[in-house]
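# Structural characterization, general
As a plain string of letters, each chain reads:
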Amino acid sequence: MDFLEEPIPGVGTYDDFNTIDWVREKSRDRDRHREITNKSKESTWALIHSVSDAFSGWLLMLLIGLLSGSLAGLIDISAHWMTDLKEGICTKGFWFNQEHCCWKSDHVTFEERDKCPEWNSWSQLIINTEQGAFAYIVNYFMYVLWALLFAFLAVSLVKAFAPYACGSGIPEIKTILSGFIIRGYLGKWTLVIKTITLVLAVSSGLSLGKEGPLVHVACCCGNILCHCFNKYRKNEAKRREVLSAAAAAGVSVAFGAPIGGVLFSLEEVSYYFPLKTLWRSFFAALVAAFTLRSINPFGNSRLVLFYVEFHTPWHLFELVPFIVLGIFGGLWGALFIRTNIAWCRKRKTTQLGKYPVVEVLIVTAITAILAFPNEYTRMSTSELISELFNDCGLLDSSKLCDYENHFNTSKGAELPDRPAGAGVYSAMWQLALTLILKIVITIFTFGMKIPSGLFIPSMAVGAIAGRLLGVGMEQLAYYHHDWGIFNSWCSQGADCITPGLYAMVGAAACLGGVTRMTVSLVVIMFELTGGLEYIVPLMAAAMTSKWVADALGREGIYDAHIRLNGYPFLEAKEEFAHKTLAMDVMKPRRNDPLLTVLTQDSMTVEDVETIISETTYSGFPVVVSRESQRLVGFVLRRDLIISIENARKKQDGVVSTSIIYFTEHSPPMPPYTPPTLKLRNILDLSPFTVTDLTPMEIVVDIFRKLGLRQCLVTHNGRLLGIITKKDVLKHIAQMANQDPDSILFN
């Protein structure tokens, strides 16, 4: 009996920091599905098993949606409470944030609805007064102290328990979805620590968001739940389909945008996205959004903190300032990517990288000290964006809505354009300072050893710039309504310009400039605001920002971080325009040692073990003989090691001199010779091959479309060499005048 007829535990699995074989994984899944379908005709029990197997994908999506939505709700509520903790505490229950504390108070006035006797600032608690310079200093000191405490806890937990919990997570998830294996990146510890430290990092007041890391959290949920189902636990390609859907659920709960989440997964993170995954992503995003809506973390029956509705339509002329915002977004995106990557490279290559705790504490201290005096930097970034998106109405008491009241109140809640009051001018100066601080501090914050998202800081930069431009346009229209550009559509006392809309367009432009998202960005933004009629301004700004940013640098922030970290990721969107051939890239080159191969029927166990110990290759081509070099197949290093170890333990008589056969039948052996070892079952009999004269643009396309990890090069059926995914990446880097040695897992 051939012991290999039974599957060996471990064969078909992959080592850490290796690329999966998509073709083999898809083939194994088809075989498994075919077997279940054939058996389902034999008995009722087999039919039930077949139905449950088909339904398991939908059940998994349901569980991912429920878990992602629940964790997002928990993170939102905790972050809101801990952010307010920096400024004071609720005496009727320390677990209430400021808004909830004052909800049921009988002593709240409309003008000061966020102040009530039950909410005490730290100066009231410590020195029993809120007035005077000493009270201000006490509040200032407590604000900075809480920020440092939260940041210290976040970086310490990440460093001690889950180093993979830092950063945004999206560059690594893109790499994992392309077929790369980073064990532990989507594990239980990473999920627990990322959830806790994400709350701490956001609450510390650093210029970061929780939206990007929520994608990582959702993917951790998906990966952990995959282990409950055989179909996904044992197949890496199937698991990546689930992770694509989990990424959609993550964006769905981050922004309250289920459709935007699906499009984000399709446009930005997924490598392989079949139609079946599209439906399941939609279902997972829907369940996640419904779960978050049921938890209602913001207490406004909405999925997001900054839901707004604008009452005024936009005019065709306004496309000009919207495009200006798009140009600003593209310039900011290109500037941010270059400076942030330069800083991250400095962190990697200097002593700075050895002191992550000190770096986080210094950046937090600088942020908190500069943030406290300005009310717009002191508030959480999500609340700032909400304030900037807001369309001023009669009931607004914000400084941004402090206009001189030269209007007719008979129009209801809508306000016409009117002259800005002292509050608006004061707010403009504060917002200009906030813009400078956000631009500078975000560069140093993103990439530190704590969970840090980029969506919210980028949107904040754009929203501030948009609001400043919007108020400027509004005042221009008020004082010069007789100008040719205004008189056709904006009469005096009419409600023409909506500054909140400019903030929304600016937010989309800056986020697009940094991430290079287009379609998914526009959908996320209109799902955020509920404003379908504002799709054209959003599209104009998103496309302009992408064009401007692409003109200054082709990579988005996530692709730039993938390249910085040396992940083996083959970008599907880039074209290969060079006229090289497979023979120019393959190994061995002309003066290199010969390719290491195995023969199908003439090598002993000892020969193979020697080759394994002397090389680090992931696999070996199998040929008929060294003289003929006719290709038989390809065998993976890991499978060889496991199979030989298993044979030595379980098969009687296998010794170092036993001959290994990759053929279907082994010839009869003379008496007293050791038993042979048949390893045909672990041999890939249909490895991908190209001829030596195949253009590299076709080879690159094959690697992208099929997710290959290696491709063999032949000439008239004779094996010449091998091209691996890393060889392709190094060649692309070389053609772009970059350092080819940067393409390895770092």
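Just so we're clear, the structure is a prediction, and the values are computed from it rather than from any experiment.

## Some details on the pattern of salt bridges
Overall, the coordinates contain 25 salt bridges when judged by the stated rule. For the salt bridge of D31 with R34, the shortest nitrogen-to-oxygen distance reads 3.0 Å. With D31 and R34 both in helix α1 (residues 22-39), this residue pair falls three residues apart, about one helical turn. Among the residues examined, D31 registers a relative accessible area of 41% and is labelled partly exposed. A salt bridge links K587 to D727; its shortest N-O distance comes to 3.4 Å. With K587 in the loop between α24 (582-585) and β3 (598-599) and D727 in helix α28 (residues 725-735), this residue pair connects regions lying 140 residues apart in the sequence. Assessed through its relative accessible area of 40%, K587 is described here as partly exposed. Relative accessible area serves as the criterion here: at 9%, D727 is assigned to the buried category. Via salt bridges that share partners, K26, D29, R32, D53, K238 and E241 belong to a single interconnected network.

## A few points about the UniProt feature "domain: CBS" (unreviewed entry) in the protein chain
UniProt records the feature "domain: CBS" (unreviewed entry) at residues 586-650 and 682-742, using the numbering of this structure. Here residues 586-650 runs as 37% helix and 23% strand, with 39 Å between its end C-alpha atoms.

## Details of the packing of aromatic side chains
According to the stated counting rule, one finds 22 aromatic pairs in the structure shown. When the centroid spacing of 5.7 Å and the interplanar angle of 10° are considered together, the rings of F161 and W189 count as stacked. A residue pair is termed long-range when its members are at least 10 positions apart, and F161 in helix α5 (residues 133-161) and W189 in helix α7 (residues 188-203) qualify at 28 residues. Three or more aromatic residues joined by ring pairs make a cluster, and in this case those are W81, F94, W95 and F96. Looking at K92, its charged tip hangs above the ring of F96, at a distance of 6.0 Å from the centre. Note that R378 overlies the ring of F372, its terminal NZ or CZ placed 4.5 Å from the centroid.

## Describing empty space enclosed by the protein
Counting across every chain of the model gives six cavities of 30 Å³ or more. Space inside the largest cavity adds up to approximately 280 Å³. T83, V202, S380, T381 and S382 are, among the 24 residues lining the largest cavity, the residues nearest its centre. For the lining of the largest cavity, the elements supplying multiple residues, two or more each, are α2 (44-85), α15 (375-378) and α16 (381-389). Here the lining of the largest cavity takes four residues from α2, the largest share from any one element.

## A closer look at the layout of surface pockets
Taken as a whole, the second largest pocket spans an internal volume of roughly 1,400 Å³. V11, G12, E25, R28 and K234 are the residues nearest the centre of the second largest pocket, which is lined by 49 residues in total. Listed by contribution, the elements that provide at least two residues to the lining of the second largest pocket are α1, α2, α9 (230-233), α10 (236-255), β6 (631-636) and β10 (710-715). It is α1 that provides the largest number of residues to the lining of the second largest pocket, a total of eight residues. By residue class, the composition of the lining of the second largest pocket is 19 nonpolar, twelve polar and 18 charged.

## A closer look at the state of the cysteines
With the rule as written, the count across this model stands at two disulfides. With its sulfur 2.1 Å from that of its partner, C102 forms a disulfide with C116. Between C102 and C116, the S-S torsion sits near -75°, and that sign places the bridge as left-handed. One end of the pair, C102, is in helix α3 (residues 98-103); the other, C116, is in the loop between α3 and β2 (119-121), and 14 residues separate them in sequence.

## Looking at a nonpolar patch on the surface
A grouping of F55, L59, L62, L63 and L66 is seen on the molecular surface, where their side chains present a nonpolar patch of about 390 Å² in accessible area. Tracing the sequence through the fold places L59 in helix α2.

## Examining the pairing of β10
Most of β10 is tucked away: five of the six residues are buried. Here three bridges tie strand β9 (residues 689-691) to β10, and the two strands are oriented parallel to one another. For T689, the partnering residue across the bridge sits in β10 and is L712. Regarding the hand of the β-α-β motif, the stretch spanning β9, helix α27 (residues 696-706) and β10 is right-handed. Strand direction decides the pairing type here: β10 and strand β11 (residues 718-724), joined by six bridges, are antiparallel. For Q710, the partnering residue across the bridge sits in β11 and is T724.

## Here we look at the sheet that holds strand β8 (residues 677-678)
Hydrogen bonds between backbone groups are what pair the strands of a sheet, and the pairing can be parallel or antiparallel. Pairing is mixed across the open sheet formed by three strands, whose spatial order is β4-β7-β8. Each end of this open sheet is capped by a strand with a single partner; those strands are β4 (603-604) and β8. Where β4 lies against strand β7 (residues 659-661), two bridges are found, and the strand directions are antiparallel. Among the inter-strand pairings, M603 is bridged to a residue of β7, identified as I660.

## Observations regarding the sheet that holds β9
Strand order in this open sheet of three strands is β9-β10-β11, and the pairing throughout is mixed. Each end of this open sheet is capped by a strand with a single partner; those strands are β9 and β11. Across the sheet, the mean angle from the axis of one strand to that of its neighbour is 35°, orientation sign disregarded. The sheet contacts of α27 involve β9, β10 and β11, and relative to β11 the element is tilted by about 65°.

## A word on the side chain of T175
Looking at the secondary structure, you find T175 in helix α6 (residues 170-177). According to the relative accessible area criterion, T175 is buried, its value standing at 0%. A polar contact is formed between the side chain of T175 and the backbone oxygen of P171, at a distance of 2.8 Å. Beyond its immediate sequence surroundings of up to four residues, T175 is in contact with F180, I562, Y567, P568 and F569.

## Looking at the confidence of the model for the protein chain
Averaged over all residues, the pLDDT of the protein chain is 86; the fraction at 70 or higher stands at 93%. Element-level mean pLDDT values for the protein chain span from 71 in helix α19 (residues 484-487) up to 95 in α7. For the stretch residues 1-5, pLDDT sits under 50, and the model shows twelve contacts to residues farther than four places along the chain or on other chains.

## Concerning the environment of R709
Within the element layout of this structure, R709 appears in the loop between α27 and β10. R709 sits in the buried class, given a relative accessible area of 9%. What R709 contacts, discounting residues up to four positions off in sequence, is Y14, N18, T19, I20, D21, S618, L636, F703, T724 and K725. Polar side-chain contacts of R709 include one of 3.5 Å to the side chain of Q710.

## Observations concerning the environment of E697
Here E697 shows up in helix α27. For E697 and H578, which are 119 residues apart along the polypeptide, the C-alpha to C-alpha distance reads 7.2 Å.

## Details of the nonpolar core
F255, F336, F389, I450, M459 and M525 are the most contacted members of the largest nonpolar core, which has 138 residues in total. No other element matches the eleven residues that helix α20 (residues 499-515) contributes to this core.

Cut-offs applied
Residues numbered from 1 in each chain as written. Predicted model: local features only at pLDDT ≥ 70, side-chain atom pairs only at ≥ 80, totals over all residues. Heavy atoms only, no water. Salt bridge = Lys/Arg side-chain N within 4 Å of Asp/Glu carboxyl O. Helix = DSSP H or I, 4+ residues; strand = E, 2+ residues; numbered from the N terminus. Buried < 20%, exposed > 50% of the residue type's maximum accessible area, 1.4 Å probe, protein only. UniProt positions renumbered as here; feature names shortened; annotations may be inferred. Phe/Tyr/Trp six-rings, centres within 6.5 Å; stacked < 30°, edge-to-face > 60°. Lys NZ or Arg CZ within 6 Å of the ring centre and 35° of its normal. 1 Å grid on protein atoms, 1.4 Å probe; cavity = no way out; pocket = protein on both sides within 12 Å on 5 of 7 lines; lining within 4 Å. Points joined across faces, edges and corners; volume = space filled by probe spheres on them. Nonpolar A, V, L, I, M, F, W, Y, C, P; charged D, E, K, R; others polar. Disulfide = S-S within 2.5 Å. Patch = residues over 30% accessible without salt bridge, like charges linked within 9 Å, V, L, I, M, F, W, Y side chains within 5 Å. Areas by Shrake-Rupley, 256 points an atom, 1.4 Å probe, with all protein chains shown as cover. Pairing = 2+ DSSP bridges. Right-handed = clockwise from strand over helix to strand, strands pointing away. Axes fitted to C-alpha atoms, helices over the stretch in contact; angles between N-to-C directions. Contact = heavy atoms within 4.5 Å. Polar contact = N/O pair within 3.5 Å; in protein donor to acceptor, adjacent residues only side chain to side chain. pLDDT = per-residue confidence, 0-100. Core = buried A, V, L, I, M, F, W, Y, C linked by side-chain atoms within 4.5 Å.

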